[in-house]
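Residue-level structure breakdown
Residue strings, one per chain:
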Amino acid sequence: MIDLRRLHVLRAVSHYGTVTAAARALHFTTSAASQQIRQLARDLGVDLLEPQGRGVRLTAAAESLLEHADAIEARWDEAEQDLRAGEGAPAGPLRVTGFPVAVSVLLAPMAARLRERHPRLSVRIREVEVAESFDLLFEGESDLAVVEATPVSPPSADTRFEQRPLLDEPFDLVVPVDHPLAGRAEADLADVAHEPWIAPLPQSPCRTHMVAACGAAGFTPDVLHLAVDWNVTAHLVAHGLGVALVPRLARLTPELPIVRVPCAGRPHRKLLTCTRGGGHRRAAVAAALEELRTLAAAAVDRHTA
């Protein structure tokens with residue numbers, strides 16, 4: 001018999017990339033996590049880890065085993081959903097995560113609506129970045145996430161997660177109110193190629209979108225200022241320190257002397273809902289997904305009207 005707890009440690013090593021990182025996520029010591037994998041290897045009679053430089057990597061046998069492990073995890077989740085199928089109305093805790101814009105525009109109103117319609121359901125929101133949302137789902141610490149599609153996110157074919165499109169959110173060029181482009185119905189980014197830019201941090205997915213949009217317009221932006229919060233970006237623009245690309249759903253301080261101008265080529269980011277495999281079958285998650293789809297459609301209509 002395979003010890004499923006040891007199998008989960010192996011899944012964690014694959015997900016986090018190292019035994020040390022997996023042990024930290026599982027609240028194990030590194031030696032305890034290594035011992036679990038060594039014992040699993042002895043139980044199965046195969047090598048699961050092999051040296052790679054100063055670290056280790058999964059063997060071909062381990063990769064093959066993980067395909068079955070992910071399927072076992074998904075089937076276990078399905079079994080739990082079947083047991084709860086007769087519970088009726090959504091109830092109990094629902095743990096959701098999202099990045100800042102998703103929390104403010106989608107998850108907060110979703111929680112308020114669910115509170116009115118399903119009083120026995122308790123929604124718990126946690127603001128995190130996209131990568132951490134996937135980690136929390138994997139660890140069973142979250143039931144539902146709103147994430148942004150990024151090049152480093154798990155692929156859509158990854159059976160550990162079920163990712164579904166929610167909305168395509170455009171980016172707008174934000175300029176001072178007296179800028180030559182402020183009155184335009186649409187802006188060509190090439191027209192601001194020689195201006196200073198305010199940008200997200202280099203590791204931010206939105207930084208990738210900004211660089212790609214500018215590259216498509218034929219230039220590399222001259223980034224002078226970095227900001228994490230979109231309202232900080234807006235204040236820098238308002239003081240004439242540069243221009244910026246800001247996602248349309250980001251709520252900026254209304255009294256600032258700035259203008260949002262739609263961009264030619266419509267640069268955008270894709271927002272997704274994500275659960276563990278089969279997690280959408282849970283009544284509480286299904287109710288939340290329905291509310292999110294309604295809110296996403298309304299948000300896009302409102303901001304494009």
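Residues numbered from 1 in each chain as written. Predicted model: local features only at pLDDT ≥ 70, side-chain atom pairs only at ≥ 80, totals over all residues. Heavy atoms only, no water.

1. A closer look at the overall build of the protein
Selection criterion: What counts as a helix is a DSSP run of H or I of at least four residues, what counts as a strand is a run of E of at least two, and both are numbered from the N terminus. A 1.4 Å probe rolled over the protein chains alone gives each residue an accessible area, and that area as a share of the maximum for its type sets the label: buried under 20%, exposed over 50%, partly exposed in between. With residues, only the protein chains shown are counted as cover, and all accessible areas are computed by Shrake-Rupley using a 1.4 Å probe. By the counting scheme adopted, Arg and Lys are positive, Glu and Asp are negative, and His together with the chain ends is not counted. To locate a charge, the coordinates of NZ of Lys, CZ of Arg, CG of Asp or CD of Glu are taken.
Of regular secondary structure, the protein possesses 9 helices and 11 strands. With the principal axes as the frame, the protein shows a C-alpha extent of 70 × 55 × 30 Å. By the burial criterion, 46% of the 305 residues in the protein qualify as buried. About 15700 Å² of surface is accessible on the protein, with carbon and sulfur atoms providing 53% of the total. Here the protein contributes 32 positive and 38 negative side-chain charges, whose respective centroids are spaced 5 Å apart.

2. Focus: the state of the cysteines
Spelled out, the test is: Working definition: a disulfide is two cysteine sulfur atoms within 2.5 Å of each other.
If you walk through the whole model with that rule in mind, you get 0 disulfides. With no disulfide partner, cysteine 206 has as its closest neighbouring cysteine sulfur the one in cysteine 263, 13 Å distant. Here cysteine 263 is not cross-linked by a disulfide; its sulfur's nearest cysteine counterpart is in cysteine 214, at 8.8 Å.

3. Some remarks on the packing of helix α1 (residues 4-16) against helix α3 (residues 30-44)
Here is the rule: Working convention: axes come from line fits to C-alpha atoms, limited for helices to the stretch in contact. Angles between N-to-C directions cover 0 to 180 degrees. Two helices crossing with the near one rotated counterclockwise from the far one by less than a right angle form a left-handed crossing, whereas a clockwise rotation gives a right-handed crossing. Residue contacts are counted whenever heavy atoms from the two residues lie within 4.5 Å of one another. Residue polarity follows a fixed list, in which Ala, Val, Leu, Ile, Met, Phe, Trp, Tyr, Cys and Pro are nonpolar, Asp, Glu, Lys and Arg are charged, and the others, Gly among them, are polar.
Packing of α1 against α3 leaves a shortest axis separation of 9 Å and a crossing angle of 115°. Once α1 is placed against α3, the crossing between them reads as left-handed. Two secondary-structure elements touch here, α1 through Arg6, Leu7, Val9, Leu10 and Val13 and α3 through Ala33, Gln36, Ile37, Gln39, Leu40 and Asp43. For the contact of α1 with α3, the class distribution of residues is 7 nonpolar, 2 polar and 2 charged.

4. Things to note about unusual backbone geometry
Phi is positive for histidine 27, close to 60°, though the residue is something other than glycine. Along the chain, histidine 27 turns up in the loop between α2 (19-26) and α3. One non-glycine residue, arginine 266, lies in positive phi territory at about 45°. Tracing the backbone through its elements, the reader meets arginine 266 in the loop between β10 (258-262) and β11 (268-276). Accessibility expressed as a relative area gives 44% for arginine 266, which makes it partly exposed.

5. Things to note about the pattern of salt bridges
Pairing between side chains of opposite charge can happen when the charged atoms of each approach one another. The test is simple: The rule for a salt bridge is simple: a side-chain nitrogen of Lys or Arg has to be within 4 Å of a carboxyl oxygen of Asp or Glu.
In the structure shown here, the tally under the stated rule is 16 salt bridges. In the salt-bridge network here, residues are joined through shared partners; they are Arg95, Asp143, Arg276 and Arg282.

6. Some details on the layout of surface pockets
Test applied: A 1.4 Å probe that fits into a set of points on a 1 Å grid over the protein atoms alone but cannot get out defines a cavity; an open set with protein on both sides within 12 Å along at least five of seven lines defines a pocket, and lining residues are those with an atom within 4 Å of a point. Grid points are joined across faces, edges and corners, and a volume is the space filled by probe spheres set on the points.
Of the voids in this model, the largest pocket is the one considered here, and its volume is about 750 Å³. Lining the largest pocket are 31 residues, with Phe99, Pro100, Glu129, Ser204 and Pro205 sitting closest to its centre. Sorting the residues of the lining of the largest pocket by element identifies α5 (100-117), α6 (130-138), α7 (205-216) and α8 (230-238) as the ones contributing at least two each. Looking at the lining of the largest pocket element by element, the count peaks at 4 residues for α6. Here the lining of the largest pocket is built from residues that sort into 17 nonpolar, 8 polar and 6 charged.

7. Focus: the nonpolar core
This is how it is decided: In these notes, a set of buried Ala, Val, Leu, Ile, Met, Phe, Trp, Tyr and Cys residues joined through side-chain atoms within 4.5 Å is what counts as a nonpolar core.
Leu106, Leu173, Leu189, Trp197 and Leu245 are the most contacted members of the largest nonpolar core, which has 89 residues in total. The dominant element in this core, judged by the number of residues it contributes, is helix α9 (residues 283-304), at 9 residues. Contacts of leucine 173, omitting those with residues within four sequence positions, involve Leu181, Ala187, Leu189, Val192, Trp197, Val243, Ala244, Leu245, Val259, Arg260, Val261 and Cys263.

8. Side note on the pairing of strand β2 (residues 55-58)
Quick note on the threshold: Any two strands with at least two DSSP-identified bridges between them are counted as paired.
Bridge count between strand β1 (residues 49-52) and β2: 4 bridges; the pairing is antiparallel. Residue pairing for β2: leucine 49 is matched across the bridge by leucine 58. Counting the residues between successive antiparallel strands, the hairpin from β1 to β2 contains 2 residues, one of them, glycine 53, with a positive phi of roughly 65°.

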